[in-house]
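An overview of the molecular structure
Take a look at the letters that make up each chain.
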Amino acid sequence: MQDLRAQVTSSLLQFPEVTLEALGEDERTLNSVLCGKLSGGRNGLAWLACGPQLEVVNSVTAERLSAYRFSGVNEQPPTVRVVKEFSWQKRTGLLVGLEEAEGSVLCLYDLGISRVVKAVVLPGRVTAIEPITSHGGPSVRTQHLHQSLRWLFGVAALATDVGHLLLVDLCLDDLSCSKKDIEALDLEVVTRIPAEVPQRREAVTREGRHLCFQLQNPSGTAVSTLCYISRSNQLVVGFSDGYLSLWNMKTLKREHHSQLEGGRIPVYAVTFQEPENDPRNCCYLWAVQSTQESEGDVVSLRLLQLTFGDRKRLASGQVMYEGLEYCDERYSLDLTGGVFPPRGQTSSTKLLSCQTVEKFRSHVDREDSVNEGLF
């Protein structure tokens, strides 16, 4: 890897001075860590966070699009831990996971008005957020989901440091955007899906809570990453002990659970890849194991082959894979091999981000014909 040279495709973009000042203040006073990410897609967003401060800029022009400072329930300010891009009802926003002194809060942040329009109290410390759908009701756009999820309006998967795996109703059919102060509502956690979901949801909503389905009981092991694969309708769950699970969103059943060959190294990220012209019903899942904040210097790629019983082409033109038959690990690559630090310094390799690079026919429900990777 030492022989590889990066090709510069653009000049270095400078973030707005007001953004740097806002983030730098918390970095100094609260001793917070600066974090951020570039998101793919046509919106071209980049978010930066430090402590309670969130900054959103255009990743192409570096223009400041939105900014917000979150406040906690007490004097101690919260910390932005997880951010995911989310669009609904022709709006663009972010799902933000905040860590507070006692528990966490999920916020739906509207970029257009720079305001939080939903807030939900979560159990434990939030570690991952993944949108499942922004639609609701028994419509064509939700027919791939389990019947109980089709009665909800917007669904997001959430995970915590003790192994909670939750499917939360975002209640997008009731957005009180006119209110300036949004109160964080509680969850109504259901361990077994009730027979009459619409009636249960109506009663829970009337009491000022959000309905939530718990996929699995807390195991004590932290969930380190979540990824929803629309082309196979699966939720991928990675754990801090190197295990990886696949959940079917049509049946809400776990289809696969195994530890990667990298052992008890956290599964830090996963990304899906569909072959261009494979006649078999096969797809691939890249899993990244990385020590990140813990001791050690490990970043490795694991390629898993997913084989399905059927492959359907929907009316939109999108291919949907169904009936997982097996999931096997086929290939591995150590990204830290051959990387030697300068004399007198210790090696510290960390994963920033990863994404597959695909070329496929353009479909109406896909944002780009090519997904560009950021490494």
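Quick note: structure is the one above.
Residues numbered from 1 in each chain as written. Predicted model: local features only at pLDDT ≥ 70, side-chain atom pairs only at ≥ 80, totals over all residues. Heavy atoms only, no water.

1. Points about the overall build of the protein
What the protein contains, in helices and strands, is two helices and 23 strands. Scored against the burial criterion, the 375 residues of the protein give a buried share of 47%. Here the protein has roughly 19800 Å² of accessible surface; of this, 47% comes from carbon and sulfur atoms. (Helix = DSSP H or I, 4+ residues; strand = E, 2+ residues; numbered from the N terminus. Buried < 20%, exposed > 50% of the residue type's maximum accessible area, 1.4 Å probe, protein only. Areas by Shrake-Rupley, 256 points an atom, 1.4 Å probe, with all protein chains shown as cover.)

2. Points about the side chain of Ser 290
As for its position among the elements, Ser 290 is in strand E19 (residues 282-290). Look at Ser 290 and you get buried, because its relative accessible area is 1%. At 3.4 Å, the side chain of Ser 290 forms a polar contact with the backbone oxygen of Val 298. Residues in contact with Ser 290, not counting those within four places in the same chain, are Ile 265, Pro 266, Tyr 268, Val 298, Val 299 and Leu 351. (Polar contact = N/O pair within 3.5 Å; in protein donor to acceptor, adjacent residues only side chain to side chain. Contact = heavy atoms within 4.5 Å.)

3. A short note on the pairing of strand E16 (residues 243-248)
Buried residues dominate E16, accounting for five of its six residues. As judged from the five bridges shared by strand E15 (residues 234-239) and E16, these two strands associate in the antiparallel manner. Within E16, the position partnered with Val 237 by the bridge is Ser 245. Where E15 folds back on E16, the antiparallel hairpin that results is connected by three residues, among which Gly 242 adopts a positive phi of roughly 90 degrees. Where E16 folds back onto strand E17 (residues 253-259) in an antiparallel hairpin, the turn is made up of four residues, including Leu 252, whose phi is positive at roughly 55 degrees. (Pairing = 2+ DSSP bridges.)

4. Structural notes on the sheet that holds strand E1 (residues 35-38)
Read from one edge to the other, the open sheet built from four strands follows the order E1-E2-E3-E4, with strand pairing classed as antiparallel. The open sheet terminates on both sides in strands that have one partner only, identified here as E1 and strand E4 (64-69). Direction aside, the axes of adjacent strands within the sheet are offset by 10 degrees on average. Where E1 and strand E2 (residues 45-50) come together, four bridges link them in antiparallel fashion. When the bridges of E2 are listed, Gly 36 appears paired with Leu 48. (Axes fitted to C-alpha atoms, helices over the stretch in contact; angles between N-to-C directions.)

5. As for the side chain of Thr 19
Among the structural elements, Thr 19 can be located in helix H1 (residues 17-29). Aside from chain neighbours lying at most four places away, what touches Thr 19 is Leu 48, Glu 55, Val 57 and Arg 64.

6. Points about the packing of aromatic side chains
For the structure on display, the rule yields six aromatic pairs. Seen from their ring centres, Tyr 68 and Phe 70 are 4.8 Å apart, and the 65 degrees between their planes marks the pair as edge-to-face. Look at Phe 70 and you get buried, because its relative accessible area is 5%. Aromatic rings pair up to connect Tyr 68, Phe 70 and Tyr 109 into one cluster. (Phe/Tyr/Trp six-rings, centres within 6.5 Å; stacked < 30°, edge-to-face > 60°.)

7. Some remarks on the pairing of strand E21 (residues 319-334)
Here strand E20 (residues 299-313) pairs with E21 via 13 bridges, running antiparallel. Residue Leu 304 lies in a different strand from E21, and its bridge partner there is Glu 329.

8. What to know about the nonpolar core
With 25 residues, the main nonpolar core has Leu 167, Leu 235 and Met 249 as its most contacted residues. Within the residue set of this core, elements represented by two or more residues are strand E9 (126-136), strand E10 (153-160), strand E11 (165-169), helix H2 (197-206), strand E13 (209-216), strand E14 (223-229) and E15. Within the second largest apolar cluster, 20 residues are counted, among which are Val 120, Leu 158, Leu 187 and Cys 212. (Core = buried A, V, L, I, M, F, W, Y, C linked by side-chain atoms within 4.5 Å.)

9. Topic: the sheet that holds E20
If you trace the four strands from one edge of the open sheet to the other, you get E18-E19-E20-E21, paired in antiparallel fashion. The open sheet terminates on both sides in strands that have one partner only, identified here as strand E18 (267-273) and E21. Taking the axes of each pair of neighbouring strands and ignoring which way they run, one obtains an average angle of 20 degrees across the sheet. Here E18 runs beside E19; their pairing, made up of six bridges, is antiparallel. Opposite Thr 271, over in E19, you have Trp 286 as the bridge partner.

10. Notes on unusual backbone geometry
Unlike most non-glycine residues, Ala 62 shows phi in positive territory, near 65 degrees. For Ala 62, the position within the fold is in the loop between strand E3 (53-58) and E4. A positive phi angle, near 60 degrees, is found at Lys 90, a position not held by glycine. Examined against the element boundaries, Lys 90 turns out to sit in the loop between strand E5 (79-88) and strand E6 (91-99). Given the relative accessible area of 91%, Lys 90 is considered exposed.

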